[in-house]
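Chains, contacts and geometry: an overview
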Amino acid sequence: MIDPIHSLAFSVQSSPGVYALLLGSGVSRSAGIPTGWEIVLDLLRKLARASGQPDPSDPGRWYKDQYGEDPDYSKILAQLAKTPSERQQLLRSYFEPNNQEREEGRKQPTRAHQAIAKLAAQGFVKLIVTTNFDKLIERALEEESVTPTVVSTVNQIKGALPLVHNERCYILKIHGDYLDSRIRNSTAELSKYPRELDRLLNQIFDEYGLLISGWSGESDGALRDAIYRTKSRRFTTFWTIRGEPSGLAKELIGHRRAEQITIGDADSFFQHFQETVEGIEQFSQPHPLSVEASVTTLKLYLSRPEYKIRLSDLVGATTQSVILATSGEQFNLSGMTPDKDAITKRVRLFDAASSVLVAMAPVAAFWADEENFAPWLRALLRLSTTIGIAGQNRWLALRTYPGRLLLYSLGMGLVESNNLNQLGRVFSQPVPDSENQNKNTNILKVLVENKYGVAWQGFLEGMESNREGLSRWIHNVLQQPLKQITPDEVQYTFCFDKFEVLLALGFAYRNNSSNYWFHAGDFVNRPNNWTRIVTEIEDSLTNLGVSSPFVESEIFGKTPADCLDLLGKFREFIWQGTPTLVRLMHQP
């Protein structure tokens, strides 16, 4: 049998926002937060001592014997603290940490809260229903730069946007908030909800899947009634259990036909759940058939001129899917710290989102003519435009990574087919300047130059010690899709290196004035390849002159002399970063 947590993780990953969380006090237990009833009992003990009586073993019974009625949270609180400000001060000590508790990590968001907040930040969870009074989930969300809509009173229910319009995260605190003395706590208060709250719960339990955790099913008759009222089961209910469920919980589980998940504690469960969802998302690739079908369709459209409109639509739609797939919360440009794990994860997500496009691109480039290549130039333009985007520098530098992937896959297809004229056209493609919207800049300046410093060095898993880590990563990513035109691994790497050499020359020609800087890709680690490539280019320029394809394409110069001059500067620049022994072995 498949583990229910895996079933839950696949359901949540494949249907972001469809599952709501129903959280009880068990989720906050490890933080040292008391339940509402525990607060009442503690207040009654203090009241007994203040009255000169010994600490009662049963504070609830003592209160009824003393005052002739069952203890009611709101009434007791109103009598002990007369004003709202006094009530807030009285309650803060139960929910907010003092200095010692803060040092001990108590009354702080737990691993469970943090995992839930990560799921919300990534867009997988958008609705949280909780019986808890505390603000731990709100604080955890704030740490993930998510500002939730919090609803805890009938008036707030009336004033909040409908659930369907909720874009980020909606928290429904069905028992209220600790800063409001109207919280529901007594048996009478929990036996019947206001009509507005019942209606909202009816909608949630009918339209959403449920993950119930930290709630035993024992303490809230009105909540049980709301679950029983819902007859439809559009999505599965999952219920985490520690040990054996209570009798009432068993009845609810049977009514919802819920999947039970046995857990040790909420912290371990939610952390494992969040990591499982993240893992599925991180390695989710389009089905191979969808890639194969797209490439087959592309070949058909390339073979017939009458399909040029369909070809343009196919490339445009595939590009749009990349843009949409990389525009959600998982690609937020602020908030999350761009460390190695976060950057590696995001690059993998970019790879997955771009996989169909980069599988089509080298085939299109290999068979390209001026007319059927135009849609690909438009695709490059769309993936290279960053106007109006702000955020942390490393995230901004990473934002154009799908455009860089497309540049490489197209460029290698053109190199393999020796279509240098089209490659020169790609390198000269103008794009809007993100720093000055009234003028254009060169596409290589956007996709190759890294104005934020070495954003990649040491920040990709497995590439920590590689100065050209991003280039090596792209080399590995594109090897499979490029097999369609370069099935041999040695030829693939040579094609990759030749493209990167031309890319370095093309960038320097278009973006340097006097002090030349060359993009040093993974080719620098293979001197046999790049020295052979440079020699071939030199021979072509020397022997063919103005008829050399490197001159005709204007990839890195308009005359043989200009090209040879820049090629010499390139060789000198690359040698400067190459160990002496290697230079001696390969110096012509």
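Right, let's walk through the structure included here. All figures in this text were calculated on a predicted structure; none of them were measured in a lab. (Residues numbered from 1 in each chain as written. Predicted model: local features only at pLDDT ≥ 70, side-chain atom pairs only at ≥ 80, totals over all residues. Heavy atoms only, no water.)

Observations concerning the overall build of the protein
- Of the regular secondary structure elements, the protein holds 27 helices and nine strands.
- When burial is assessed residue by residue, the protein has 53% of its 588 residues classed as buried.
- Within the protein, residue pairs in contact and separated by at least 24 positions form 71% of the contacts whose partners lie at least 6 positions apart.
- By element, 49% of the accessible surface of the protein is carried by carbon and sulfur atoms, the whole surface being about 26900 Å². (Helix = DSSP H or I, 4+ residues; strand = E, 2+ residues; numbered from the N terminus. Buried < 20%, exposed > 50% of the residue type's maximum accessible area, 1.4 Å probe, protein only. Contact = heavy atoms within 4.5 Å. Areas by Shrake-Rupley, 256 points an atom, 1.4 Å probe, with all protein chains shown as cover.)

Things to note about the sheet that holds strand 3 (residues 149-151)
- Taken together, the seven strands give an open sheet; going across it, the order is 3-4-2-1-5-6-7, and neighbouring strands pair in parallel fashion. Two strands close off the open sheet at either side, each with one partner strand: strand 3 and strand 7 (259-262). Across this sheet, the average inter-strand angle for adjacent strands is 20 degrees, counted without regard to direction.
- Pairing between strand 2 (residues 127-130) and strand 4 (residues 170-173): four bridges, direction parallel. By the bridge assignment for strand 4, T130 is matched with K173.
- Set on the sheet, helix 12 (residues 247-256) makes contact with strand 5 (209-213), strand 6 (237-241) and strand 7; between it and strand 6 the angle comes to about 155 degrees. (Pairing = 2+ DSSP bridges. Axes fitted to C-alpha atoms, helices over the stretch in contact; angles between N-to-C directions.)

Structural notes on helix 19 (residues 401-416)
- Its 16 residues give helix 19 an end-to-end C-alpha distance of 22 Å, which sits within 8% of 22 Å, the value for a rise of 1.5 Å per residue.
- Of all 16 residues in helix 19, 15 are buried, a share of seventy percent or more. (Expected span 1.5 Å × (residues − 1).)

Some points on the pattern of salt bridges
- Using the criterion set out here, one finds 22 salt bridges in the structure.
- The shortest N-O distance in the salt bridge between K173 and D177 comes to 3.0 Å. Taken individually, K173 and D177 each receive the classification buried, so the pair is uniform in this respect.
- Linking R571 and E538 is a salt bridge whose minimum nitrogen-to-oxygen distance equals 2.9 Å. Of this pair, R571 sits in helix 26 (residues 560-576) while E538 sits in helix 24 (residues 527-544), and the two are 33 residues apart along the sequence. (Salt bridge = Lys/Arg side-chain N within 4 Å of Asp/Glu carboxyl O.)

Here we look at the layout of surface pockets
- Taken as a whole, the largest pocket holds about 1000 Å³ of empty space.
- S25, T35, W215, S216 and S219 are the residues nearest the centre of the largest pocket, which is lined by 49 residues in total.
- Elements that contribute at least two residues to the lining of the largest pocket include exactly helix 2 (36-50), strand 6 and helix 13 (266-282).
- Counting residues per element, the lining of the largest pocket draws most heavily on strand 6, which supplies three residues.
- Along the lines of polarity and charge, the residues of the lining of the largest pocket split into 16 nonpolar, 22 polar and 11 charged. (1 Å grid on protein atoms, 1.4 Å probe; cavity = no way out; pocket = protein on both sides within 12 Å on 5 of 7 lines; lining within 4 Å. Points joined across faces, edges and corners; volume = space filled by probe spheres on them. Nonpolar A, V, L, I, M, F, W, Y, C, P; charged D, E, K, R; others polar.)

Topic: the nonpolar core
- One finds W376, L407, F427, I537, F556 and F570 to be the most contacted residues of the largest nonpolar core, which totals 94 residues.
- Among the elements that make up this core, the one with the highest residue count is helix 16 (residues 340-366) (14 residues).
- If we skip the residues at most four places from it in the chain, F556 touches L502, L505, G506, Y509, I537, L541, F550, C563 and L566.
- Of all hydrophobic cores here, the second largest spans 34 residues; its members include L119, A140, F273 and I280. (Core = buried A, V, L, I, M, F, W, Y, C linked by side-chain atoms within 4.5 Å.)

A closer look at empty space enclosed by the protein
- Within this structure, the stated rule accounts for three cavities of 30 Å³ or more.
- Contributing to the lining of the second largest cavity are L23, V27, H113, I128, T130, N132, D134, I137, E138, I171 and K173.
- The set of elements that each furnish at least two residues to the lining of the second largest cavity consists of strand 2, helix 8 (136-143) and strand 4.
- Class assignment for the residues of the lining of the second largest cavity results in five nonpolar, three polar and three charged.

Looking at the packing of helix 15 (residues 308-325) against helix 17 (residues 374-384)
- Relative orientation of the contacting elements helix 15 and helix 17 amounts to 15 degrees, with a least axis distance of 9 Å. Classified by the interaxial angle, the pair formed by helix 15 and helix 17 is roughly parallel. In terms of crossing hand, the pair formed by helix 15 and helix 17 is right-handed. Between helix 15 and helix 17, the contacting residues are S312, V315, G316, T319, Q320, V322 and I323 on the first element and P375, W376, R378, A379, R382 and L383 on the second.
- Residues belonging to the contact of helix 15 with helix 17 are distributed by class as follows: seven nonpolar, four polar and two charged. (Parallel < 35°, antiparallel > 145°, perpendicular 65-115°, else oblique. Left-handed = near helix turned anticlockwise from the far one by under 90°.)

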